[in-house]
Amino acid sequence: MLFFQKYHNKKKQPSSFQIQDNEPPIKLISPVLLENIAEIQNIFSETPDLVVKNFVIKQTNSPAALVYLSGLTDTKTINNHILSPLLFEADKEEKDFEVRVSVGDVKEKNMWQEIENAILQGNSVLFIDKENKASIFDTQGWPQRGIEDTTIESSLRGEHLGFTETGSTNIALIRRHIQNRELKMKEITVGARGNLKLTIMYLADVAKPEVLKELLDRLNKIDVDSILNSASLAEYIEDNPYSPFPQLFLTERPDFAAAEILQGRIVTIVDRSPNVLIGPATFEIFFKSMDDYGARWLVASFIRLMRYFGFIVAVFLPATYIAVIAFHFEIIPLKLLLSIGASRERVPFPPFIEAIVMEITLEMLREAGIRLPAKIGQTVGIVGGIVIGQAAVEAGIVSNIMVIVVALTAIASFIIPNYDMGAAIRMLRFPMMFAASLFGFIGIAVGLMTLMAHFIALESLGTPYGSPIAPLRFPDWKDLFIRFPEWSIVKRPESTRAIQRLKAKSNRSEGDEH
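Residues numbered from 1 in each chain as written. Predicted model: local features only at pLDDT ≥ 70, side-chain atom pairs only at ≥ 80, totals over all residues. Heavy atoms only, no water.

Caption draft 1: Region of interest: the environment of L451. One can find L451 in helix α16 (residues 441-457). Expressed as a C-alpha distance, the spacing of L451 and L428, which sit 23 residues apart in the sequence, is 9.2 Å. L451 has contacts with F245, L428 and M432, leaving out every residue within four places of it along the chain. (Helix = DSSP H or I, 4+ residues; strand = E, 2+ residues; numbered from the N terminus. Contact = heavy atoms within 4.5 Å.)

Below you can see the structure in the form of structure tokens.
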């Protein structure tokens with residue numbers, strides 16, 4: 001009791017790393033140019049990439065200074081569209097310098113906090129002597145990669161374009177799919193030090209307002225120094241942070257994000273991250289791929305059924321093997337039992353230890369294959385899978401049957417199209433194996449019931465995670481285990497809670513009637 005009291009009291013004490021709630025006092029810029037330059041150099045001290053260009057505006061003969069960070073700005077835009085007009089052009093009739101500066105977005109600010117944020121975001125700021133406001137020009141131009149094919153979510157017939165680390169580019173990629181005025185956006189900035197810009201995209205006449213409000217409330221409550229990527233943001237806003245299941249869908253495919261917006265879901269674009277968040281997410285969305293809608297519906301349905309079968313194999317096959325060998329070997333046919341016995345003759349470990357050794361070895365090989373360069377990673381996979389596996393069998397560490405079970409489990413887990421769900425499934429097999437090693441099939445049954453209870457109770461942005469299985473919503477089953485023909489799916493899923501359910505009319509042409 002004394003320990004818990006000390007721990008409780010310790011939690012109440014404020015930490016030295018706690019984020020300060022007190023807002024800094026508002027500080028305005030000065031009409032004296034030299035004072036503003038001194039303040040800028042004070043704010044950005046020890047910042048060698050800070051550029052302060054002093055010059056005189058030819059039109060008005062006013063001393064001025066343009067301030068920006070060289071690594072975050074487009075210097076061609078600054079030289080050609082800001083400095084050149086102000087230094088060399090003198091239009092007697094036009095007194096407003098902003099008209100001559102040919103930069104699209106120009107804002108006027110007078111608070112130092114806003115000016116500091118603008119410079120850090122790659123904008124350039126113009127100070128003019130005797131003016132108590134500064135002009136902020138949109139000159140962002142940091143290094144960025146081009147639009148390439150996706151690396152994790154590959155597709156055969158989908159578009160070969162993936163999101164990049166630039167939020168505005170990702171917005172444009174989605175807009176190309178949904179050219180409708182009801183496509184709305186809301187911008188939020190998160191992070192006291194990182195100033196991460198989030199853009200929420202949705203269809204105003206389709207998305208449920210309560211879901212949108214719930215998402216905005218959760219985002220506005222985030223109080224943190226900085227968030228580095230979409231996966232970190234998801235941990236702040238998901239319903240159950242202790243669940244193994246991902247509750248928001250991460251994708252790097254614009255076509256998939258656009259398709260989910262059309263279904264009534266909400267997309268959150270995270271600047272500086274090549275993945276976007278989709279919510280509310282349900283369990284079945286993680287088993288879908290854009291190729292499902294690029295193939296004939298019978299083929300797509302067969303592949304989708306294979307994914308669900310792979311899910312069952314990946315979670316329960318090692319546990320079933322352990323339970324059968326350790327507790328229920330009488331259900332095995334005699335010839336197969338003799339074969340398994342011969343295979344395990346030299347193995348000194350119980351099936352659980354044997355399975356744990358092989359599963360952990362497999363996970364280490366997978367992780368090594370991901371972190372290494374592509375060519376070396378493939379070599380490591382081949383060497384690890386064949387050479388080490390064969391050597392382990394010959395050394396009597398594991399049996400042949402166990403190698404087959406682990407290989408089947410690995411293949412089954414990799415058939416899941418979503419990486420986060422695949423990782424969750426791989427992790428779930430370990431508690432199942434432990435339960436099977438203690439109680440056999442009864443342990444597996446208890447583990448299954450626990451998993452189902454958690455599955456039914458889980459939510460994503462207030463929406464049941466198990467829908468349309470739990471709760472049962474049979475109309476949505478047209479695009480669940482089997483994908484019905486596109487023309488027959490005329491309504492959006494109930495799980496998205498869309499306010500406009502009808503998305504198409506079943507007016508399929510019967511062909512040439514003449």
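That covers the picture; the talk isn't over yet.
Caption draft 2: Main features of unusual backbone geometry. Of note, the amide linkage connecting S467 to P468 takes the cis form, showing an omega dihedral of 10°. Relative to the assigned elements, P468 resides in the segment after β12 (463-464). Phi is positive for N195, close to 50°, though the residue is something other than glycine. Within the element layout of this structure, N195 appears in the loop between β6 (183-190) and β7 (196-203). Relative accessible area serves as the criterion here: at 17%, N195 is assigned to the buried category. Backbone geometry at R497 places phi at a positive 60°, although glycine is not the residue there. (Buried < 20%, exposed > 50% of the residue type's maximum accessible area, 1.4 Å probe, protein only.)

Caption draft 3: Expanded view of the pattern of salt bridges. Using the criterion set out here, one finds 23 salt bridges in the structure. Note that E284 and R265 form a salt bridge whose closest N and O atoms lie 3.9 Å from each other. Of this pair, E284 sits in the loop between β10 (276-279) and α10 (297-326) while R265 sits in the loop between α9 (254-263) and β9 (266-270), and the two are 19 residues apart along the sequence. R265 sits in the buried class, given a relative accessible area of 2%. Where R304 meets D292, a salt bridge forms, and the shortest distance between an N and an O atom there is 3.0 Å. Linking R304 in helix α10 with D292 in the loop between β10 and α10, this pair joins segments that are 12 residues apart in sequence. As far as burial versus exposure is concerned, R304 and D292 are alike and both buried. (Salt bridge = Lys/Arg side-chain N within 4 Å of Asp/Glu carboxyl O.)

Caption draft 4: Geometry of the sheet that holds strand β5 (residues 134-137). Taken in spatial order, the five strands of this open sheet run β1-β2-β4-β5-β3, and their pairing is antiparallel. Among the strands making up the open sheet, the edge pair consists of β1 (50-57) and β3 (106-109). Direction aside, neighbouring strands of the sheet carry axes that sit 25° apart on average. With respect to the sheet, helix α3 (residues 75-88) is in contact with β1, β2 (62-69), β4 (124-128) and β5, its orientation differing from that of β1 by roughly 30°. Helix-sheet contacts for helix α5 (residues 112-120) involve β2, β3, β4 and β5, and the interaxial angle to β4 is about 135°. (Pairing = 2+ DSSP bridges. Axes fitted to C-alpha atoms, helices over the stretch in contact; angles between N-to-C directions.)

Caption draft 5: Expanded view of the packing of helix α14 (residues 400-414) against helix α15 (residues 419-439). Two elements in contact, α14 and α15, have axes separated by 9 Å at closest approach and are oriented at 150°. As judged from the angle between their axes, α14 and α15 are roughly antiparallel. Between α14 and α15, the residues in contact are T409, S413 and F414 and G422, R426 and R429, respectively. Classifying every residue of the contact of α14 with α15 gives one nonpolar, three polar and two charged. (Parallel < 35°, antiparallel > 145°, perpendicular 65-115°, else oblique. Nonpolar A, V, L, I, M, F, W, Y, C, P; charged D, E, K, R; others polar.)

Caption draft 6: Focus on the sheet that holds strand β8 (residues 249-251). Here we have five strands laid out as an open sheet, ordered β6-β7-β9-β10-β8, and antiparallel in their pairing. Two strands close off the open sheet at either side, each with one partner strand: β6 and β8. Strand-to-strand twist across the sheet, computed as the mean angle between neighbouring axes with direction ignored, equals 25°. Note that β6 and β7 share eight bridges and pair antiparallel. Paired with V190 across the bridge in β7 is L196. Packing of helix α6 (residues 167-175) onto the sheet brings it into contact with β6, β7 and β9, and relative to β9 it is tilted by some 150°.

Caption draft 7: Summary view of the environment of Y202. Within the element layout of this structure, Y202 appears in strand β7. Residues Y202 and L262 lie 60 residues apart in sequence; the distance between their C-alpha atoms is 8.3 Å. Here Y202 is in contact with E182, L183, K184, K186, A207, L212, I261 and I266, once residues within four sequence places are set aside.

Caption draft 8: Inspection of the packing of aromatic side chains at higher detail. Taken as a whole and judged by the stated rule, the model has 17 aromatic pairs. Ring plane angle 10° and centroid distance 4.6 Å describe the contact between F287 and Y308, whose orientation is recorded as stacked. Here Y308 lies in helix α10 and F287 lies in the loop between β10 and α10, a separation of 21 residues in the sequence. For F287, a relative accessible area of 0% translates into the label buried. A residue is classified by how much of its surface remains accessible, and Y308, at 9% relative accessible area, is buried. Ring centres 5.5 Å apart and planes at 80° place the aromatic pair W477 and F481 in the edge-to-face group. (Phe/Tyr/Trp six-rings, centres within 6.5 Å; stacked < 30°, edge-to-face > 60°.)

Caption draft 9: Up close: the side chain of R253. Note on placement: R253 falls in the loop between β8 and α9. There is a polar contact of 3.0 Å between the side chain of R253 and the backbone oxygen of E153. Discounting chain neighbours no more than four positions away, the residues touching R253 are T150, E153, S154, S155, G158, E159, F163 and M290. (Polar contact = N/O pair within 3.5 Å; in protein donor to acceptor, adjacent residues only side chain to side chain.)

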